[in-house]
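# Observations on the model geometry
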Amino acid sequence: MMKATRRPRRRPPWAMLALPAAAGIPLGILWWLLAPGGLNLITRNPALGAGTNPDVWLPRDLTLAGLLVFAGCLLGVFLADQKRANPRADLAAGLVGALCGAVVAWQAGLLAAQVWAPAVDASANASIAFSLRAWPVLLLWPAATAASVFVLELLNLLGSRPDGGTGPSRHAAAEGR
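Two elements in contact, helix α1 (residues 15–34) and helix α3 (residues 87–116), have axes separated by 6 Å at closest approach and are oriented at 30 degrees. Taken together, the axes of α1 and α3 are roughly parallel relative to one another. The handedness of the crossing between α1 and α3 comes out as right-handed. Grouping the amino acids of the contact of α1 with α3 by side-chain chemistry returns 21 nonpolar, 6 polar and 1 charged.

Written out as structure tokens, the structure is:
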């Protein structure tokens, strides 16, 4: 009786672009929920609840930055998987998807603020309304993805043995085993 071998399930090539882009929606809502000037669930400090306080603007951007870096590291772990049929194409699609996801997260956070937050008068400064002041934050998701894939691939390369894994490790050879 022959044993059936399982082939890795092939994803469509656009999946690594669409999944991070779609993940931007809950990420943007989470940004609005956690950030000062939004629902402010992290600090719950009433002084940081309103966008009229300029001390809110940097932590609001940093909240999105932290979420995007976390998402980038998570995506990097998935992209560094060794069982991919076409890892370069998946990496390229993942990086484009990460950039799209960051833009979607930004817009989803702004939409969440418009829908669920009370209206604010932003005539004095546009940053009074829930917004993103530091646009380069949007580059953190693809940057964290690329850095994560690099580090994980480097660790994988450093951990692999040149003889295919059949001989003793360097540590065992150095100790005389």
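Moving on, we come to helix α4 (residues 140–159). Count 3.6 residues to each turn of an α-helix, and residues three or four apart come out pointing the same way. Here α4 spans 28 Å end to end across 20 residues, near enough to the 28 Å set by a 1.5 Å rise per residue. Along α4, the positions that sit buried rather than exposed are Trp141, Pro142, Ala144, Thr145, Ser148 and Val149. What you see down the axis of α4 is that its buried residues fit within an arc of 160 degrees, all on one side. Along α4, the residues that are exposed and aim more than 90 degrees away from the buried face are Phe150, Leu157 and Leu158. Buried residues along α4 sit against α1, α2 (57–79) and α3.

Tallied over the full model, the rule gives 3 aromatic pairs. Considering the side-chain rings of tryptophan 31 and phenylalanine 130, the 4.5 Å spacing of their centres and the 50 degrees angle between planes classify their relative orientation as tilted. One end of the pair, tryptophan 31, is in helix α1; the other, phenylalanine 130, is in the loop between α3 and α4, with 99 residues separating them in the sequence. Its relative accessible area of 0% is what places tryptophan 31 among the buried residues. Accessibility expressed as a relative area gives 10% for phenylalanine 130, which makes it buried. Aromatic side chains tryptophan 32 and tryptophan 116 sit 6.0 Å apart centroid to centroid with 40 degrees between the ring planes, which places their arrangement in the tilted category. Linking tryptophan 32 in helix α1 with tryptophan 116 in helix α3, this pair joins segments that are 84 residues apart in sequence. Residue tryptophan 32 is classed as buried on the basis of its relative accessible area, which comes to 6%. Among the residues examined, tryptophan 116 registers a relative accessible area of 53% and is labelled exposed.

At a minimum axis separation of 7 Å, α2 and α4 run at an interaxial angle of 40 degrees. One finds that α2 runs oblique with respect to α4. As α2 runs across α4, the sense of the crossing is right-handed. In this structure, α2 uses Ala65, Leu68, Val69, Ala71, Gly72, Cys73, Leu75, Gly76, Val77 and Leu79 to contact α4, whose residues at the interface are Leu140, Trp141, Ala144, Thr145, Ser148, Val149 and Leu152. Counted by class, the contact of α2 with α4 contains 13 nonpolar, 4 polar and no charged residues.

This next bit is on unusual backbone geometry. The phi torsion at asparagine 40 lies on the positive side, around 65 degrees, for a residue other than glycine. Here asparagine 40 is to be found in the loop between α1 and α2. Non-glycine residue arginine 44 carries a positive phi angle of around 55 degrees. Residue placement: arginine 44 occurs in the loop between α1 and α2.

Criteria and thresholds
- Residues numbered from 1 in each chain as written.
- Predicted model: local features only at pLDDT ≥ 70, side-chain atom pairs only at ≥ 80, totals over all residues.
- Heavy atoms only, no water.
- Axes fitted to C-alpha atoms, helices over the stretch in contact; angles between N-to-C directions.
- Helix = DSSP H or I, 4+ residues; strand = E, 2+ residues; numbered from the N terminus.
- Parallel < 35°, antiparallel > 145°, perpendicular 65-115°, else oblique.
- Left-handed = near helix turned anticlockwise from the far one by under 90°.
- Nonpolar A, V, L, I, M, F, W, Y, C, P; charged D, E, K, R; others polar.
- Expected span 1.5 Å × (residues − 1).
- Buried < 20%, exposed > 50% of the residue type's maximum accessible area, 1.4 Å probe, protein only.
- Arc of directions from axis to C-beta.
- Contact = heavy atoms within 4.5 Å.
- Phe/Tyr/Trp six-rings, centres within 6.5 Å; stacked < 30°, edge-to-face > 60°.

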